[in-house]
Each structure stands twice: as structure tokens, then as C-alpha cells.
Amino acid sequence: MATWIWILIVIVALAGGTALGFFLARKYMMDYLEKNPPINEDVLRMMMMQMGQKPSQKKINQMMTMMNKNMKDVKK
């Protein structure tokens, strides 16, 4: 086979591997963040205390509900 064909095969394989790797990594991270959200009730409570607010459980539940709703809207 000619040298240019080998070069073309290498370039196509490299581009295909890069695209496949990107989409697989993206899928893995989306699943990971869905199962382990970066912000939970404890983190939210700490943030509110640092801002000088007294976090009530009702307020924390409202904020968590809003965040979960926004995450579902973003997925659509």
C-alpha cells in the first residue's frame, strides 16, 4: 500500500478515537454527577451559615427542590 493511505488511516483512526473518547468521558461524568451531586444539604447549610443566614430545614428543602428542578430542566 502507498504511504499516503497509511497516513490517512492513522489520521482517521486518531480523529475517531478522540471523538469516541470525548463522548464516553462526557457520558461517564454526566452519570457520575447525577448519582453524586456536587451540592447536597450539608454543603448548602454551610454556605448559608457562611453568608450569615440561619438555615432552617424548610429553607434548605426549598433550595434543594429548586436546584433539582433546574437540573431536570437543563437535561431537557
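Residues numbered from 1 in each chain as written. Predicted model: local features only at pLDDT ≥ 70, side-chain atom pairs only at ≥ 80, totals over all residues. Heavy atoms only, no water.

Named according to an unreviewed UniProt entry, the chain is UPF0154 protein HNQ45_001190 originating from Nosocomiicoccus ampullae. Database annotation for the chain, UniProt heading Sequence similarities (unreviewed entry): "Belongs to the UPF0154 family." (UniProt positions renumbered as here; feature names shortened; annotations may be inferred.)

### Section: the pattern of salt bridges
Oppositely charged side chains can pair when the atoms bearing their charge come close. In the structure shown here, the tally under the stated rule is two salt bridges. The salt bridge partner of Lys-27 is Asp-31, with a shortest N-O separation of 3.4 Å. Taken together, the positions of Lys-27 and Asp-31, both in helix α1 (residues 3-35) and four residues apart, correspond to about one turn of that helix. We classify Lys-27 as exposed; its relative accessible area is 51%. The exposure class of Asp-31 is partly exposed, given its relative accessible area of 29%. Arg-45 is the partner of Asp-42 in a salt bridge, and the nearest nitrogen-oxygen pair spans 3.6 Å. Of this pair, Asp-42 and Arg-45 are both found in helix α2 (residues 41-50), three residues apart, which corresponds to roughly one turn of the helix. By relative accessible area, Arg-45 is classed as partly exposed at 25%. (Salt bridge = Lys/Arg side-chain N within 4 Å of Asp/Glu carboxyl O. Helix = DSSP H or I, 4+ residues; strand = E, 2+ residues; numbered from the N terminus. Buried < 20%, exposed > 50% of the residue type's maximum accessible area, 1.4 Å probe, protein only.)

### Section: the UniProt feature "transmembrane region" (unreviewed entry) in the chain
When the UniProt feature table is mapped to this numbering, "transmembrane region" (unreviewed entry) covers residues 6-25. Helix makes up 100% of residues 6-25 and strand 0%. Its end C-alpha atoms lie 28 Å apart.

### Things to note about the packing of aromatic side chains
For the structure on display, the rule yields two aromatic pairs. Both rings, one in Phe-22 and one in Phe-23, keep their centres 5.1 Å apart while their planes meet at 75°; by these two values the pair is edge-to-face. Here Phe-22 and Phe-23 have matching classes, each one exposed. Each ring, one from Tyr-28 and one from Tyr-32, has its centre 6.4 Å from the other, and the planes form 20°; the classification is stacked. Placement of both Tyr-28 and Tyr-32 in helix α1 is noted, with a separation of four residues, approximately one turn of the helix. According to the relative accessible area criterion, Tyr-32 is partly exposed, its value standing at 40%. (Phe/Tyr/Trp six-rings, centres within 6.5 Å; stacked < 30°, edge-to-face > 60°.)

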